[in-house]
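# Survey of secondary and tertiary structure
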Amino acid sequence: LRGVAAALSHVGSEFRASVVARLGGDEFCVVLPTSELADAQRFACAASRRITREVGPDVSLCWG
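What you are looking at is a predicted structure, and each value in this text was computed from that prediction instead of being measured.

Before going further, it helps to spend a moment on the overall build of the chain. A tally of regular secondary structure across the chain gives two helices and two strands. Its helices and strands taken in sequence order, the chain reads α-β-β-α from the N to the C terminus. Against the globule reference of 11 Å for 64 residues, the chain gives a C-alpha radius of gyration of 11 Å, in line with a compact fold. Each principal axis of the C-alpha distribution contributes one length, and for the chain these read about 30 × 20 × 20 Å. Across the 64 residues in the chain, those meeting the buried criterion constitute 23%. Intrachain contacts of the chain at a sequence separation of at least 6 include 40% that bridge at least 24 residues. About 4500 Å² of surface is accessible on the chain, with carbon and sulfur atoms providing 52% of the total.

Laid out in structure tokens, this is it:
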């Protein structure tokens, strides 16, 4: 969980006014209030790549 949180926070720092929070268990919430849908997709792709690289390929993600 710490690795995923670190990766999400790092990618989130590249998006203005983003907020990354752990909701509980293994669930996280990313809020991109000044972004459009294309930015959210860019975030999800970048975060997925970083998590796979830093945490490992066994971590699965679901974006919604």
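Located in the positive-phi region is alanine 17, a residue other than glycine, with phi close to 65°. Within the secondary structure, alanine 17 is located in the loop between α1 (2-12) and β1 (19-24).

Judged by nonpolar contacts, Val4, Ala7, Leu8, Val11, Phe15, Leu32, Phe43, Ala46, Ala47 and Ile51 together constitute the single largest core of 10 residues. Where this core is concerned, the elements lending two or more residues are α1 and α2 (37-54). With residues near it in sequence (within four places) discarded, alanine 47 still touches Leu8, Val11 and Trp63.

Moving on, we come to α1. Buried within α1 are the following residues: Val4, Ala7, Leu8, Val11 and Gly12. One side of α1 holds all its buried residues, which, seen down the axis, span an arc of 130°.

What counts, and at which threshold
- Residues numbered from 1 in each chain as written.
- Predicted model: local features only at pLDDT ≥ 70, side-chain atom pairs only at ≥ 80, totals over all residues.
- Heavy atoms only, no water.
- Helix = DSSP H or I, 4+ residues; strand = E, 2+ residues; numbered from the N terminus.
- Rg over C-alpha atoms; globule rule 2.2 N^0.38 Å.
- Buried < 20%, exposed > 50% of the residue type's maximum accessible area, 1.4 Å probe, protein only.
- Contact = heavy atoms within 4.5 Å.
- Areas by Shrake-Rupley, 256 points an atom, 1.4 Å probe, with all protein chains shown as cover.
- Core = buried A, V, L, I, M, F, W, Y, C linked by side-chain atoms within 4.5 Å.
- Arc of directions from axis to C-beta.

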